[in-house]
Amino acid sequence: MNNPPPPQRLDHIGDVLAFVRVADAQSFTAAAEKLSLSRSAIGKCIARLEQSLGVRLFHRSTRSVSLSDDGRLFYEHAQRILSEVDNATDAMASRQQAPRGRLRIDLPVSLGRLHVMPLVRSYLRRWPDVDADISFSDDYTDLVRDGIDVAIRIGGEADSRLVRRVLAPHRLITCAAPDYLHRHGAPATIDALAQHQTLVFTHTGQPVPWRFTVQGQERQVPVAGRLRVGHTEALRDAAVAGDGIAQLGAFLVADDLRAGRLAPVLESVAGAGAPVYAVYPHRRHLSPKVRVLIDDIASAWNADPPWRPYA
């Protein structure tokens with residue numbers, strides 16, 4: 001028994017377009033008029049496509065044209081193919097447009113003030129037709145509900161409504177001032193933290209546990225120090241002053257570590273940490289005002305974020 005020849009490569013996207021137009025109109029003549037081609041040219045497109053695929057796509061009679069079973073299957077794929085072509089065309093067109101309009105951005109409080117705002121200000125100087133409305137929150141704002149164009153976040157859960165693009169690596173640093181470590185010594189183990197003054201960050205009024213990586217597994221450690229603060233920069237100030245040990249983002253303490261105002265501890269169990277993301281609602285096309293801002297931040301951070309070498 002002879003096997004049918006395998007389908008050939010499709011080299012003419014125009015044949016796929018002609019097929020979809022015939023299927024939609026159920027008429028070669030109507031499809032030809034829509035595409036400004038002759039009926040015979042449409043017929044050649046369909047014949048070439050059927051030969052490439054090795055199947056009959058239409059049932060034809062003198063009065064009607066209808067899809068075969070193979071034709072219905074291919075029609076579903078063909079629609080997606082043409083949709084992707086349209087998306088690619090529109091995306092290329094949007095890249096030629098200059099950013100303009102109102103841009104709503106949501107930023108984490110400290111990361112936003114220290115590292116994102118300088119880039120936003122530079123972006124606005126380059127694109128005078130953009131107005132920016134910026135909110136600051138360490139909560140995960142509902143971008144879709146609140147009409148936010150783009151947010152910058154450290155970690156967070158995936159959301160099917162949102163697109164996430166990694167901008168830079170990042171991790172948490174457990175650290176203390178050299179003066180504190182001279183007076184109290186450095187903890188040798190996670191359990192030894194119980195004998196130290198820990199400076200605790202609170203979120204929505206609750207202490208945030210510290211995170212470590214032990215034998216490849218994340219371990220969350222509750223901390224209950226005497227000083228509990230709901231602002232990371234104030235917590236960093238207390239650590240620099242020698243009031244205790246804190247666990248803070250590398251973006252916040254990298255300068256202090258480089259200058260020797262803080263020193264890392266428990267480095268053997270420090271985790272890799274969640275990266276910094278740009279997050280935006282899932283849309284068919286990303287507007288130039290959002291795309292250019294994200295590209296600017298990625299270009300500034302991806303190879304060398306300001307908190308190197310502690311990323």
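Attention in this report is confined to the structure presented alongside it. (Residues numbered from 1 in each chain as written. Predicted model: local features only at pLDDT ≥ 70, side-chain atom pairs only at ≥ 80, totals over all residues. Heavy atoms only, no water.)

### Describing the sheet that holds strand β15 (residues 276-281)
Across a sheet, paired strands are connected by hydrogen bonds in the backbone, their directions being either parallel or antiparallel. The five strands lie next to each other as β4-β3-β5-β15-β6, forming an open sheet whose pairing is mixed. Here the strands that pair on one side only, and so sit at the sheet edges, are β4 (130-136) and β6 (162-168). Adjacent strand axes in the sheet meet at a mean angle of 25° when their direction is disregarded. Note: strand β3 (residues 101-107) against strand β5 (residues 150-154), two bridges, orientation parallel. Pairing of Asp106 across the sheet is with Ala151, part of β5. (Pairing = 2+ DSSP bridges. Helix = DSSP H or I, 4+ residues; strand = E, 2+ residues; numbered from the N terminus. Axes fitted to C-alpha atoms, helices over the stretch in contact; angles between N-to-C directions.)

### Here we look at the packing of helix α1 (residues 13-25) against helix α3 (residues 39-53)
It is at 9 Å that the axes of α1 and α3 come closest, and there the two elements cross at 110°. Taken as axis vectors, α1 and α3 run roughly perpendicular relative to one another. Taking contact as the criterion, the partners of Asp15, Val16, Ala18, Phe19 and Val22 in α1 are, on α3, Ile42, Cys45, Ile46, Arg48 and Leu49. Grouping the amino acids of the contact of α1 with α3 by side-chain chemistry returns eight nonpolar, no polar and two charged. (Parallel < 35°, antiparallel > 145°, perpendicular 65-115°, else oblique. Contact = heavy atoms within 4.5 Å. Nonpolar A, V, L, I, M, F, W, Y, C, P; charged D, E, K, R; others polar.)

### Section: the pairing of strand β8 (residues 198-203)
With respect to burial, β8 is a largely interior element, five of its six residues being buried. Pairing analysis gives two bridges linking β8 to strand β13 (residues 245-249), with the strands arranged parallel. Of the residues in β13, the one forming a bridge with Leu199 is Ala246. Relative to strand β12 (residues 227-229), β8 runs parallel, the two being bridged by three bridges. Looking at β12, one finds that Leu199 is bridged to Leu227. Here β8 runs beside strand β9 (residues 206-207); their pairing, made up of two bridges, is antiparallel. The residue of β9 that forms the bridge with Thr202 is Pro207. In textbook terms, the turn of a hairpin is the stretch between consecutive antiparallel strands, and for β8 and β9 this stretch comprises two residues, one of which, Thr204, has a positive phi near 50°. (Buried < 20%, exposed > 50% of the residue type's maximum accessible area, 1.4 Å probe, protein only.)

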